[in-house]
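Structural features, examined
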Amino acid sequence: MRIFSKGEFLVELEKSMGNFQSNYYAMYSSVVGGIIKEPTCMMVPVDDHIVHRGDGIFEAFNCFDGKIFNLERHLARLMNSGRLLEYNMPFTNEEMKDIITETVVAGEHKDCTVRLYVSRGQGSFGVSPYDCTKSNFYVVVTKRKPWFMIRHPEGASVAISKFPPKSDIFAASKNCNYIANVMMKKEAVDSGVDFVVSVSEDGFVAEGATENIGLITQNKRLLFPKIDGVLAGTTMLRVMELAKTLVVNGELTEIAFAKLETKDFECAKEVMMVGTTLNVTSVYQFCGKDVNNGQAGKLANKLNNMIIQDICGNEKLTTNCF
Ligand SMILES: Cc1ncc(COP(=O)(O)O)c(C=O)c1O
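The following refers to the structure shown. Being a predicted model, the structure only gives us computed values, none of them experimental.

The rules behind the values
- Residues numbered from 1 in each chain as written.
- Predicted model: local features only at pLDDT ≥ 70, side-chain atom pairs only at ≥ 80, totals over all residues.
- Heavy atoms only, no water.
- Axes fitted to C-alpha atoms, helices over the stretch in contact; angles between N-to-C directions.
- Helix = DSSP H or I, 4+ residues; strand = E, 2+ residues; numbered from the N terminus.
- Parallel < 35°, antiparallel > 145°, perpendicular 65-115°, else oblique.
- Left-handed = near helix turned anticlockwise from the far one by under 90°.
- Contact = heavy atoms within 4.5 Å.
- Nonpolar A, V, L, I, M, F, W, Y, C, P; charged D, E, K, R; others polar.
- Buried < 20%, exposed > 50% of the residue type's maximum accessible area, 1.4 Å probe, protein only.
- Polar contact = N/O pair within 3.5 Å; in protein donor to acceptor, adjacent residues only side chain to side chain.
- Near = heavy atom within 4 Å.
- Areas by Shrake-Rupley, 256 points an atom, 1.4 Å probe, with all protein chains shown as cover.
- Phe/Tyr/Trp six-rings, centres within 6.5 Å; stacked < 30°, edge-to-face > 60°.

A few words on the packing of helix 3 (residues 71–84) against helix 8 (residues 234–242). At a minimum axis distance of 10 Å, the contact between helix 3 and helix 8 shows a crossing angle of 130°. For the element pair helix 3 / helix 8, the angle class is oblique. Here the hand of the crossing between helix 3 and helix 8 comes out right-handed. Along the contact surface, helix 3 presents Arg73, His74 and Arg77, while helix 8 presents Thr234, Leu237, Arg238 and Glu241. When its residues are assigned to classes, the contact of helix 3 with helix 8 shows 1 nonpolar, 2 polar and 4 charged.

Below you can see the structure in the form of structure tokens.
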């Protein structure tokens, strides 16, 4: 086996780079206290507990035309994940905001996806978080994928997952222990549907692998599963705010969280998946049965247009990077 020098190692790493890596624009790492634009060097230390224990928390959001949408809500959720899982946060909100915008600018692309990670930090390879000297912060800026509905205007198909929802603080925090979510995505791909959603032992629908699910009842109530067993999606919360205008004009009668069973989705007027990477995606098929006669729903599409307008034009909710 060859033993590399530092220089030779980097040369070999460079050779191993594939198509994905050409879409990585910039990375900030608190380990070195700066930004790197060379994908070969975008690394985290192997003894950071985020690697071998999944001991980290994260956020993902988009930047459109140089403006990050809903950054405050993402940072508030990151702080909440940190509180729930007892992290020593390495930076304040304001400091993180500065690092994030500087990394986006360094990436030189006004349209991009940003991912933040706070790790427990480097230390022994043990499980104890007390072995870590200090938390690390990483920001990775990459190419943004087109929204789901642009790639699939017909909408999405959804099935029930065989994997159970996470519980309590593990559902409420966005932590790097995403193996259950990974298995759900694998299950969706393997079974030929776009998304699967988990259902609790007592029969209540929770959420998708990386998205929330909601429905509109036949009597025009917009409902999402109760927030205590799912991640508080930033998109879902914003959609619930935006939908208030549809209550005023009579297109909806109510917006609420509720305990929802599979049958509620099966007899819904419309079903939708919501999240940062898909905005509001209408569901045309749930558990093999057509929703809304197998067509994308009118109100889901309306809510999708409303959130896109918000993302592109709501100055109060966007952070300008450039
Ligand atoms: C488990 C889970 N639920 C829901 C969501 C949707 O959250 P958001 O709208 O903030 O993207 C995500 C996002 O990644 C997620 O991982």
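This part is about the side chain of Asp55. Positionally, Asp55 belongs in the loop between helix 2 (49–52) and strand 3 (56–64). The exposure class assigned to Asp55 is buried, which follows from its relative accessible area of 12%. Reaching out from Asp55, the side chain makes a polar contact with the side chain of Tyr87 at a distance of 2.4 Å. The contacts of Asp55, once residues within four sequence positions are left out, are His49, Ile50, Tyr87, Ser119, Arg120 and Pro129.

Turning next to the site of the ligand. Within the structure, the ligand sits among 16 residues, and Lys174, Tyr178, Thr234, Thr235 and Thr276 are positioned closest to it. Thr234 is positioned with one of its side-chain polar atoms (N or O) 2.7 Å from an oxygen atom of the ligand. Within the side chain of Thr235, one N or O atom sits 2.6 Å away from an oxygen atom of the ligand. In isolation the ligand offers 390 Å² of accessible surface; the protein chains occlude 94% of this area. The set of elements that each furnish at least two residues to the shell around the ligand consists of helix 3 and helix 8. Tallied by class, the residues present in the shell around the ligand amount to 3 nonpolar, 9 polar and 4 charged.

This part covers the packing of aromatic side chains. One pass over the structure, following the stated rule, counts 8 aromatic pairs. Residues Phe58 and Tyr178 carry aromatic rings whose centres are separated by 5.1 Å and whose planes lie at 80° to one another, so their mutual orientation is edge-to-face. Taken together, the positions of Phe58 in strand 3 and Tyr178 in the loop between helix 6 (168–172) and helix 7 (179–190) put the pair 120 residues apart, joining distant regions of the chain. Neither Phe58 nor Tyr178 differs from the other in exposure class; each is buried. Pairing Phe91 with Phe137 gives two aromatic rings, centres 5.7 Å apart and planes at 65°, and the pair type is edge-to-face. Highlighted residues: Phe91 in the loop between helix 3 and helix 4 (93–107) and Phe137 in strand 6 (residues 136–142), separated in sequence by 46 residues.

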